[in-house]
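This is what each chain is made of:
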Amino acid sequence: MNIFVKDLSNNKITRVTNATSRDVSGYFWGGNSRIIYGQDSGGDENFHTFSAPLDGSGAVDLTPYENTRTNLLDDLENDEDHILITMNKRDQRSFDVYKLNITNGENELIAQNPGDIVGWMTDNDGQLRIAIAVRNGNNVILYRKNEQEIFRPIKTTDFRTTFAPLFFDFDNRKIYVASNIERDKTAVYLFNPDNQKLEELIFEHPDVDVSQLLRSKKRKIITGAGYYSDKAHYVFFDDIREEIQSDLEQQLSGYQVAVTDLNKDETKMIVRTYSDRSLGAGYIYDIESRKLNKIAEVSPWFDENNMAAMTPISFTSRDGLTINGYLSLPVGKKAKNLPVVLNPHGGPWARDHWGFNPEIQFLTNRGIAVLQVNFRGSTGYGRQFWEKGFKQWGRQMQDDLTDAVDWLVKQGIADPKRVAIYGASYGGYATLAGLTFTPDVYACGIDYVGPSNLFTLMETLPPYWESERERFYIMVGDPVRDYKLLRQISPIFHVDNITAPLFVAQGANDPRVKKDESDQIVKALRSRGVNVEYMVKENEGHGFMNQENKFDFYEKMELFLKKHLLKEN
């Protein structure tokens, strides 16, 4: 809930914020004397930008405007007094760019959004050089050589085709981009805006999308690339950076090692470790001496020996598609005939990753195996795999989840009579769809901020998602053209099929999946006499952020699963 700063010269720790009702959502340095952070009100996702001096003398809301959301665009590392933000103060549907004074909140409009811009990008000097627009269903990349020129289009692609600017080269002339033009898997290229061509392939991977580059700003070179398959992996183009990584992994063996930041002269690094059984620790690494200074353990109260391992798995779907995921088994239990929670991710245009997941540890500690599935439509596995999820909510996307359960049962790991499904957002929809369309598969379900009626979901999208509406229609279904489809796959219209116990959790201020989505399904089921437990938190939005609400949710979840899943046959 609050931010603390540690002085490494004397180990003095100062609390610099004084929040009492809402957690912070993210934070970073504003020069050397302030911490800048975001915070919303009760889960409404209207994040304001706050500034807190290091002495703890009091944070200031720099953007105290009603019904307004701000996002960081550039922290302007060479400007101690300002940052660039985007803000929808003028029009809730679109975000303009402002230069914001981090001491007094004075702001200057840098670029006004004509209404179709969904993203902005600066160059290495903090100059606003790129805008990304959505026009007639296409992505249009707009570019200018300097801030005195007007933006002109340099690349237009269908939204299915990725062309994502990452950052400018060191001369601020060319742009590193992630693109899947004329290919399935996204790769990283150097793009020349003058001739509008992809000039050099920097890195590609045959199995997964790639969009991460590592760089040395001081030496002005690209030092490597990162990709994510089963876990995070790196490939290095620079001997110095590779030697550093090798030394870090040797000193911190047994953990994944990530460099999260460098100082300007690149003599010191901030390093984080993590694993599937630990949240790890933070370190300062002196590059010249190769010495590590541990700053803090993130969760020293955990005994890693009591934590479950997360194992990458794969299986073949009923139509021959390779589906990847992760299986976590309870410590000290035989992998046979176990109760299982299938945990589909949200998005759905996202994916699960390997690492420490507190929910999974909570469940495995209670003797429950947890299966996560990157079903078709998940990102990271190429364009074809992603597109296979179009208009497949409740259909083939759901079949992949059912096939995952069947696979686990055939392995002898899952007790077929003790399988639950639990997910948030799209995972909440998948929970309702699972109980509705495959009622014999699940003993019970937990729907966390999930939609039940795709018609009302589409009607209540946040104003700043309006530019994405046509894409939702293509990827999920058009309420008019695909009326029959949306009615077929919306659980609210098939509640007669639901017989298993259900626990629903919802934030009253959710701007993405309105409370009415949960109200509808709960009311319909209760009218039929189906056992539904319903938790609503008045000060939360799309997922619970405040700790006391999380405690309440997981306590209720534990009791629910103990009653409906953990009972012996």
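The rules behind each value
- Residues numbered from 1 in each chain as written.
- Predicted model: local features only at pLDDT ≥ 70, side-chain atom pairs only at ≥ 80, totals over all residues.
- Heavy atoms only, no water.
- Helix = DSSP H or I, 4+ residues; strand = E, 2+ residues; numbered from the N terminus.
- Buried < 20%, exposed > 50% of the residue type's maximum accessible area, 1.4 Å probe, protein only.
- Contact = heavy atoms within 4.5 Å.
- Pairing = 2+ DSSP bridges.
- Axes fitted to C-alpha atoms, helices over the stretch in contact; angles between N-to-C directions.
- Polar contact = N/O pair within 3.5 Å; in protein donor to acceptor, adjacent residues only side chain to side chain.
- Salt bridge = Lys/Arg side-chain N within 4 Å of Asp/Glu carboxyl O.
- Phe/Tyr/Trp six-rings, centres within 6.5 Å; stacked < 30°, edge-to-face > 60°.
- Lys NZ or Arg CZ within 6 Å of the ring centre and 35° of its normal.

Moving on: the environment of Gln 520. Within the element layout of this structure, Gln 520 appears in helix α9 (residues 515–527). The exposure class of Gln 520 is buried, given its relative accessible area of 18%. Residues Gln 520 and Ala 131, 389 residues apart in the sequence, show an inter-C-alpha distance of 40 Å. Sequence-distant contacts of Gln 520, that is, excluding residues within four places in its chain, are made with Ser 452, Asn 453, Thr 456 and Ile 492.

By secondary structure assignment, the location of Asn 172 is in the loop between β15 (163–168) and β16 (175–179). In contact with Asn 172, not counting residues within four places along its chain, are Asp 123, Asn 124, Asp 125 and Arg 129.

The next thing to look at is the sheet that holds strand β25 (residues 291–297). Taken in spatial order, the four strands line up as β22-β23-β24-β25 in an open sheet, and their pairing is antiparallel. Each of the sheet's edge strands pairs with one partner strand only, and the pair in question is β22 (256–262) and β25. On average, each strand axis in the sheet is tilted by 30 degrees relative to the strand beside it, whichever way the strands run. Pairing between strand β23 (residues 268–274) and strand β24 (residues 281–286): five bridges, direction antiparallel. For Arg 272, the partnering residue across the bridge sits in β24 and is Gly 282. Contacts from helix α1 (residues 239–251) reach β22, β23, β24 and β25 within the one sheet, and its direction differs from that of β22 by about 130 degrees.

This part is about helix α2 (residues 358–365). By the criterion of burial, α2 is predominantly enclosed, with six of the eight residues buried. For α2, the complete set of buried residues consists of Glu 359, Ile 360, Gln 361, Phe 362, Leu 363 and Thr 364. As for α2, its buried residues are in contact with β26 (310–316), β27 (322–328), β28 (338–342), β29 (369–374), β30 (414–424) and α10 (547–564). The backbone nitrogen of Glu 359 has a side-chain oxygen 3.0 Å away, supplied by the residue at the start of α2, namely Asn 357. Where α2 ends, the next residue or the one after it, Gly 367, has phi of about 85 degrees, a positive value.

Our focus in this paragraph is the pattern of salt bridges. The final tally for this structure, using the stated rule, is 33 salt bridges. Taken together, the shared-partner salt bridges connect Arg 22, Asp 40 and Glu 540 into one network.

In this section: the packing of aromatic side chains. Geometry of an aromatic ring pair is reported as the spacing of the ring centres plus the angle between the planes. Counted by the stated rule, this structure contains 33 aromatic pairs. For the ring pair Phe 375 and Tyr 426, a centre distance of 5.5 Å and an interplane angle of 40 degrees mean the geometry is tilted. With Phe 375 in the loop between β29 and α3 (383–387) and Tyr 426 in helix α5 (residues 426–437), this pair connects stretches of sequence that are 51 residues apart. Accessibility expressed as a relative area gives 2% for Tyr 426, which makes it buried. Joined through ring pairs, the aromatic side chains of Phe 362, Tyr 422, Tyr 448, Phe 503, Phe 544, Phe 553, Tyr 554 and Phe 560 make up one cluster. Here the basic side chain of Lys 89 rests over the ring of Tyr 65, its NZ or CZ set 4.5 Å away from the ring centre. The ring of Phe 167 carries Arg 215 above its face, with NZ or CZ at 3.8 Å from the centroid.

With that out of the way, let us pick up the sheet that holds strand β19 (residues 210–216). Taken in spatial order, the three strands of this open sheet run β19-β20-β21, and their pairing is antiparallel. One side of each edge strand has no neighbouring strand; the edge strands of this open sheet are β19 and β21 (232–236). Ignoring which end each strand starts from, the neighbouring axes of this sheet average 30 degrees apart. Across six bridges, β19 lies against strand β20 (residues 221–228) in antiparallel orientation. Paired with Ser 216 across the two strands is Ile 221, which belongs to β20. Across the sheet, α1 is in contact with β19, β20 and β21; its angle to β21 comes to roughly 145 degrees.

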